[in-house]
Amino acid sequence: MDALIAKADAIEPLTKKRKTGKHFPLRSGPSKQSTSVDPTVASVSQHTTLPRSLRPSSPPPEDAKKYSHIHNKKLRTHLTRQSTQNARSKRLLKDAELLLTEEAGLMEAEGELEKTWRVGQHEIAMAAGQQAAKGRQEWKMDGGPYRIRYTRNGRHIAVVGKKGHVATFDWQTGTLHSELQLRETCRDITFLQDHSHFAVAQKKYVFIYDRDGVELHKLKSHIEPTRLEFLPYHWLLVSIGNPGYLKYQDTSTGQVVVEHRTKLGACHTMCQNPHNAVIHLGHQNGTVTLWTPNLPHPAVRLLAHLGPVAGVSVDPSTGGRYMATSGQDGMVKVWDCRNWKGAVRTWNARGGGAELEWSQKGALSVATGGSVNVYTKPSIQTSFAATVSPPLYLTHPIPHRPLTCVRFCPFQDVLAVGHSAGVSTILVPGSGEPNFDSSEADPFENKKTRREREVKSLLDKIQPDAITLDPSMIGSLAPPPKLTTAVDEDHGIPYARLPRYERLRVSGKADETEDGDEPDGRRKDSSSKAEKEKKRMRGKNKSLKRYLRKQRKNVVDPRALAVRKKLEKEKEERRKARAIASGREEPSKPSALDRFKRPN
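Residues numbered from 1 in each chain as written. Predicted model: local features only at pLDDT ≥ 70, side-chain atom pairs only at ≥ 80, totals over all residues. Heavy atoms only, no water.

1. Considerations on the overall build of the protein chain
Item 1. From N to C terminus, the protein chain includes 10 helices and 28 strands.
Item 2. In the protein chain, buried positions account for 39% of the 600 residues.
Item 3. Long-range contacts, defined as pairs at least 24 residues apart, comprise 46% of the intrachain contacts of the protein chain with a sequence gap of at least 6.
Item 4. By element, 52% of the accessible surface of the protein chain is carried by carbon and sulfur atoms, the whole surface being about 38,200 Å². (Helix = DSSP H or I, 4+ residues; strand = E, 2+ residues; numbered from the N terminus. Buried < 20%, exposed > 50% of the residue type's maximum accessible area, 1.4 Å probe, protein only. Contact = heavy atoms within 4.5 Å. Areas by Shrake-Rupley, 256 points an atom, 1.4 Å probe, with all protein chains shown as cover.)

Quick look at the structure:
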C-alpha cells in the first residue's frame, strides 16, 4: 500500500528517446519494465506511511473493561481506548517474559541434615564464577560507623561515615569518583537521578555535590536531617530530621513542594515504597506512619512495636505488599500492607534493634548484634501465630559493632553491610534480579545513554499529587457518593450538588429563624421570573430580623429569645393557613374551653 501511494504521487522520469506520433498496441503479457524496481518509488516509500485511520487494527482484548454505561461519548471513547491499551500492554509484558532466559539461583541443600546457613562465604566464592566472586570484599575505613547507598543500576556506591568521611566510586572497576573529609557529623547519603549527583545529610543542613565532590547547593530548609530518600520518578528529595518535619523538595526546579509536621518528635528511620512512592517513617513511640505529599496527616498510622522503631523496609518483589519492621524491643515483624490487621510473621532477633533491607527477589536481611541473617520467601510471608524465627537461609558473622546499615546491590547477588570499621560485602545467591530493563536501569550504560535517559525521565516526571496508596485509582472513575437526600422528591442528587440550605439542614446547622415565609425555598408556583427576582430579598431587612442579627453572640438574651419565639409562632400560623388553604388540614373548630387556655 505504501508503494502504491508513493507511486501515485511520484513524478516519472523523462525518457531519453524522442516521442513520435506512432502508437503501439499494448502487450498482453508481462513486460520486463514491470518487474524492474522504480528508484523513485523505492526512495519515497521508505518515508511514507499509512494514515492511522487506514492501518489495520487488532480487535480489543477480551479482558478490557467496558464503559457502556457512560452517556458521554467522548469520555466513553477515551476510557475504552485507555483500558484497551492497558490490556494490550499487560499481554505484551507476558509475552516478553518468555525472552527472559536468566534465572535467579538459590542454594539448595542435598539432604535433610544439611542446611544452607552452614555454608560460609569462602565456599560460596569458590563455587561462584570469577566475576561473581568479586562481590565479596572488605573495605576498612576510619570514620565510622558507615551508611551505604547504591545507584539504581547497581554500578556505583556511595558511603558516608558519621565523622564526615564521604566517598563515591564504581565498585566493579574500582574507579574512585570523589572522596571528601567534611569534618562534621554526617548521618545519611543518597544518590539523586544517577551517580553524577548525590546528597549528604550533614550536621545542620543537606548539601548536594556533583560527581567530582564539588558542592553545588546548600538546602537550608532541611534542618538537622537524619535520613534521606530520593523518588526517581518524581524527582523529589525527601528528608526527615530531628525537628520532626518531613520535607519534599523538587530537585528539577529547586522548590520545596510540601513539608509535613509529624508531631512525633525526632525520627531516625525512613524508607520508601518503590511501588507507589509512599514514605514510611518509624518513630520513637513505636508507631509507623505512611505519608504522601497531598495529605497533611499520615495516610496510615500503625502501632508496630512497644519501643522505638529501629528499621523499616518494603518488599519490592511483591509490588510493595509486605513491610518489615524492627524495634528496640528485639522483635522483627512482617506486615501485609493491604489490610493492616496484624503482623503476618513475628520473631525475636538477638541483640536488640535490627537493620532491615529487602532484596529485588524478596530476600530479607536482618543485621543485629554481630551477625547478618538472611531469610527468603515464602516462609517470611506465610502467616504463623507463634513467635518463632523462620527458616534461616544464610548467616555471616561480622565482629565490628554496631552494624548500622544493610543494602542489597541491584541486579547483583551482593549485600553490603556498614559497620564501625568500614564496609563489608557478602554474597547472597538468588537475591538479585537477573534480568534488567535497559530503559529503566542499565548497568552497562555509557555517557550518551545516561544523558538520553536523564532527559527522558525529566520529561516523564510525575507530579507529586499522583502519589497515593493505591496508584491504580488514577485514571479510573470516581465511585458514586453514598450521602444523598431528597430535593423536589429527587433522591439521586449527591450531597455536593445540594443547595446551600439543604447541606446545612443535612448537617444540622440550618437556622430556621433566618428564613422567610418559605423555610425550605422549594415551593413551586407559577410566578414569573421577574416576580421571583422582585421577592427574592423580601423580609430581609425587617426590624425583628435586624434586631436578631445584631444579637448574634454567645450570650443568652431573654429579649432575643422572646423575639425568636414570636417569629416561630408566626411561622407556625402561616404554615397552618397554607395547609388549610390547600386542603391538607381541616380548620380547628372553636370550643367553649378555649377561654381557659393560657396565652403564649
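From this point on, the discussion continues.
2. Quick word on the nonpolar core
Burial of nonpolar side chains together is a common tendency in soluble globular proteins.
Item 1. Of all hydrophobic cores here, the largest spans 32 residues; its most connected members are Ile157, Val159, Trp171, Leu415 and Val423.
Item 2. Within the residue set of this core, elements represented by two or more residues are β2 (146-150), β3 (156-161), β4 (165-170), β24 (371-375), β26 (405-408), β27 (414-419) and β28 (422-427).
Item 3. Per-element tally for this core: the top contributor is β27, with four residues.
Item 4. Setting aside residues up to four positions removed in sequence, Val159 forms contacts with Met141, Tyr146, Arg147, Ile148, His165, Val166, Ala167, Phe169, Ile189 and Val423.
Item 5. Among the nonpolar cores identified, the runner-up in size contains 27 residues, and Val258, Cys267, Val300 and Cys337 belong to it. (Core = buried A, V, L, I, M, F, W, Y, C linked by side-chain atoms within 4.5 Å.)

3. What to know about the sheet that holds strand β16 (residues 287-291)
Item 1. Strand order in the open sheet formed by four strands is β14-β15-β16-β17, with antiparallel pairing between adjacent strands. Since the sheet does not close on itself, it has two edges, and those belong to β14 (269-272) and β17 (300-303), each with one partner. Each adjacent strand pair in this sheet contributes to an overall mean axis angle of 15°, direction not counted.
Item 2. Two elements, β16 and β17, share four bridges in a ladder whose sense is antiparallel. Across the sheet, the residue bridging to Thr289 is Arg301, located in β17. (Pairing = 2+ DSSP bridges. Axes fitted to C-alpha atoms, helices over the stretch in contact; angles between N-to-C directions.)

4. Considerations on the confidence of the model for the protein chain
Item 1. On average, residues of the protein chain score 83 in pLDDT, and 82% of them reach the 70 mark or higher.
Item 2. Counted against residues more than four places away or in other chains, residues 4-14, with its pLDDT under 50, gives nine contacts.
Item 3. The low-confidence segment residues 514-527, where pLDDT is below 50, has 18 contacts with residues more than four positions distant or belonging to other chains. (pLDDT = per-residue confidence, 0-100.)

5. Re the side chain of Ser379
Item 1. Following the sequence through the fold, Ser379 ends up in the loop between β24 and β25 (394-397).
Item 2. Side-chain polar atoms of Ser379 contact the backbone oxygen of Thr376, separated by 3.0 Å. (Polar contact = N/O pair within 3.5 Å; in protein donor to acceptor, adjacent residues only side chain to side chain.)

6. As for the packing of aromatic side chains
Item 1. For the structure on display, the rule yields six aromatic pairs.
Item 2. Ring centres of Trp139 and Phe169 lie 5.2 Å apart, and the angle between their planes is 85°; on these two criteria the pair is classed as edge-to-face. Of the two residues, Trp139 sits in strand β1 (residues 137-140) while Phe169 sits in strand β4, which places them 30 residues apart along the sequence. We note that Trp139, like Phe169, is buried.
Item 3. Summarising the aromatic geometry, the rings of Phe198 and Tyr209 are spaced 5.6 Å apart at their centres and angled 20° between planes, so their arrangement reads as stacked. With Phe198 in strand β7 (residues 197-202) and Tyr209 in strand β8 (residues 206-210), the pair connects residues that are 11 residues apart, well separated along the chain. (Phe/Tyr/Trp six-rings, centres within 6.5 Å; stacked < 30°, edge-to-face > 60°.)

7. Notes on the sheet that holds β2
Item 1. In spatial order, the strands read β2-β3-β4-β5; together these four strands make up an open sheet with antiparallel pairing. Sheet topology places β2 and β5 (175-181) at the edges, where each strand pairs with a single neighbour. Put simply, the sheet's adjacent strands are angled 15° from each other on average, direction ignored.
Item 2. Examined bridge by bridge, β4 and β5 share six bridges and lie antiparallel to one another. Looking across to β5, one finds that Thr168 is bridged to Ser178.

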